[in-house]
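Residue strings, one per chain:
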Amino acid sequence: MSELIYYLQFDFVIYALIVGVLIALCASLLGVTLVLKRYSFIGDGLSHVAFGAMAIAAVLKLSSNTIIVMPVTILVAVLLLRGGNRSMLKGDAAIAMLSVTALAFGYMLMNVFSASANVSGDVCSTLFGSTSILTLKTSEVLICIVISIIVIALYILFYNKIFAVTFDETFCRATGVNAGAYNFLIAVIIAVIIVLGMNLVGSLLISALIVFPALAAMRLSGTFKGVVTLSVIFSIICSLSGMIISILAATPVGATIVGMDFICFIICWLIGRFILKTE
């Protein structure tokens, strides 16, 4: 505890915890919708696309890779979700092909054009997370806070519509609700979250922040609001505990957070399987 209190005296640690909690919160909100709509694999696919875009930005030596990564990821997310359920069935093979291609393309670019002497280290840091979360500037933290507030506000504002689109998109269209517009909104938000979260857990592990809290919450609650609430709570706890353990034990940030998410899921599964079921 004394060691933790010592680390909390540094601004960069506080910044990392704030950003980590905000990213986890936003990811858990949309994660419930993606899991229920059977779109959870999109998070993994988009993270690979973001890796490829990040490699392009590195080759071009841009001061901020977000200039390329964010628009490309949003564009691909919109294209994948624009057609609704029918399109997604046809897109299973497409997202798999796109993921592998983007991953291979990004790795090739970083190997051929990289000026770094440690290409493997750079790739590993990008894929599995790095210590960049502990070197955040005040401006970057403020940007994350603003984007997180916008995401949360949009989710609350359109909660009823997102709920309706999540469970019965066909009925929504029949009642005059523009389901395509809300799918577009979901796609944009999840793409933004993935780009923000790559600094926290890396491009290969970001989908865990989206999927695990939602799956864990579903073991304990049977209502949409209950699942969303528990998902947010679990995600924040796992993110905080994972980052604290990482700081104290010098373990990889991304892998530690994902490990905590997995442990949380196992605990919730056991409770739902052997305790709640008997009641």
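Residues numbered from 1 in each chain as written. Predicted model: local features only at pLDDT ≥ 70, side-chain atom pairs only at ≥ 80, totals over all residues. Heavy atoms only, no water.

Okay, the overall build of the protein next. Broken down by element type, the protein carries 14 helices and zero strands. Counting helices and strands in the order they occur from the N terminus, the protein gives α-α-α-α-α-α-α-α-α-α-α-α-α-α. In the protein, which comprises 279 residues, the share counted as buried stands at 47%. Within the protein, contacts between residues at least 6 apart in sequence are counted, and of these 75% link residues at least 24 apart. Carbon and sulfur atoms make up 70% of the accessible area of the protein, which amounts to about 13,600 Å² in all. (Helix = DSSP H or I, 4+ residues; strand = E, 2+ residues; numbered from the N terminus. Buried < 20%, exposed > 50% of the residue type's maximum accessible area, 1.4 Å probe, protein only. Contact = heavy atoms within 4.5 Å. Areas by Shrake-Rupley, 256 points an atom, 1.4 Å probe, with all protein chains shown as cover.)

Turning our attention to helix α8 (residues 138-157). For an α-helix the count is 3.6 residues per turn, leaving residues at separations of three or four pointing the same way. The end-to-end C-alpha distance of α8, which contains 20 residues, comes to 28 Å, matching closely the 28 Å that a straight helix rising 1.5 Å per residue would cover. Buried within α8 are the following residues: Val 141, Cys 144, Ile 147, Ser 148, Val 151 and Tyr 155. Across the axial projection of α8, the buried residues extend over an arc of 130°, all falling on one side. Of the residues in α8, the exposed ones pointing more than 90 degrees away from the buried face are Ile 149, Ile 156 and Leu 157. (Expected span 1.5 Å × (residues − 1). Arc of directions from axis to C-beta.)

So, about helix α2 (residues 11-36). For α2, spanning 26 residues, the distance from its first C-alpha to its last is 38 Å, which sits close to the expected 38 Å at 1.5 Å a residue. By the largest-angle criterion, Leu 30 marks the main kink of α2, which is about 30°. Downstream of α2 by a residue or two, Arg 38 has a phi angle that is positive, lying close to 60°. (Bend = angle between axes of the 7 residues up to and from the residue.)

Among the nonpolar cores identified, the biggest contains 71 residues, and Leu 29, Leu 30, Leu 46, Tyr 155, Ile 190 and Ile 193 are the most heavily contacted of them. Broken down by element, this core gets its largest block of residues, 14 residues, from α2. Once residues lying within four places of it in the same chain are set aside, the contact partners of Leu 29 are Ile 152, Tyr 155, Val 228 and Val 232. (Core = buried A, V, L, I, M, F, W, Y, C linked by side-chain atoms within 4.5 Å.)

Here we take up the confidence of the model for the protein. Looking at the protein as a whole, its pLDDT mean stands at 78, while 82% of the residues score no less than 70. Taken element by element, the predicted model of the protein shows its lowest mean pLDDT in helix α5 (residues 84-90) (48) and its highest in helix α13 (residues 224-249) (90). (pLDDT = per-residue confidence, 0-100.)

Let us now look at the packing of helix α12 (residues 206-218) against helix α14 (residues 253-276). Running from N to C, α12 and α14 cross one another at 15°; their axes reach a closest spacing of 8 Å. With respect to each other, α12 and α14 are oriented roughly parallel. Crossing geometry of α12 relative to α14 is assigned as left-handed. Taking contact as the criterion, the partners of Ala 208, Leu 209, Phe 212, Pro 213, Leu 215 and Ala 216 in α12 are, on α14, Ile 257, Val 258, Asp 261, Phe 262, Cys 264, Phe 265 and Cys 268. Considered class by class, the residues forming the contact of α12 with α14 number twelve nonpolar, no polar and one charged. (Axes fitted to C-alpha atoms, helices over the stretch in contact; angles between N-to-C directions. Parallel < 35°, antiparallel > 145°, perpendicular 65-115°, else oblique. Left-handed = near helix turned anticlockwise from the far one by under 90°. Nonpolar A, V, L, I, M, F, W, Y, C, P; charged D, E, K, R; others polar.)

This part covers the side chain of Ser 148. Relative to the helices and strands, Ser 148 resides in helix α8. Once you skip the residues sitting within four places of it in the chain, Ser 148 turns out to touch Leu 22 and Cys 26.

When two helices pack together, their arrangement is given by the angle between their axes and by how far apart the axes lie. Across the interface, α13 lies against α14 with an axial gap of 8 Å and an inter-helix angle of 135°. Considering the angle they form, α13 stands oblique to α14. By crossing handedness, the relation of α13 to α14 is classed as right-handed. Residues Phe 234, Cys 238, Ser 239, Ser 241, Gly 242, Met 243, Ile 245 and Ser 246 of α13 form the contact with α14, whose own contacting residues are Val 253, Thr 256, Ile 257, Met 260, Asp 261, Cys 264 and Cys 268. A class-by-class count of the residues in the contact of α13 with α14 yields nine nonpolar, five polar and one charged.

A few words on the side chain of Ser 235. Secondary-structure assignment places Ser 235 in helix α13. Accessibility expressed as a relative area gives 1% for Ser 235, which makes it buried. Engagement of the side chain of Ser 235 in a polar contact is seen with the backbone oxygen of Ala 24, the distance being 2.8 Å. Contact partners of Ser 235, with chain neighbours within four places excluded, come to Ala 24, Leu 25, Ser 28, Leu 209 and Pro 213. (Polar contact = N/O pair within 3.5 Å; in protein donor to acceptor, adjacent residues only side chain to side chain.)

This part is about the packing of aromatic side chains. The way to describe two aromatic rings as a pair is by their centre distance and the angle between their planes. Applying the stated criterion across every chain, the model contains six aromatic pairs. Here the aromatic rings of Phe 158 and Tyr 182 are separated by 5.7 Å at their centres, their planes lie at 65°, and the arrangement is edge-to-face. One end of the pair, Phe 158, is in the loop between α8 and α9 (159-167); the other, Tyr 182, is in helix α11 (residues 179-201), and 24 residues separate them in sequence. The rings of Tyr 155, Tyr 159, Phe 163 and Phe 224 are connected pair by pair, giving a single aromatic cluster. (Phe/Tyr/Trp six-rings, centres within 6.5 Å; stacked < 30°, edge-to-face > 60°.)

Another aspect to go through is the state of the cysteines. Counted under the stated rule, the structure contains zero disulfides. Note on Cys 238: no disulfide assigned, nearest cysteine sulfur contributed by Cys 264 at a separation of 4.1 Å. Owing to a relative accessible area of 4%, Cys 238 belongs among the buried residues under this scheme. (Disulfide = S-S within 2.5 Å.)

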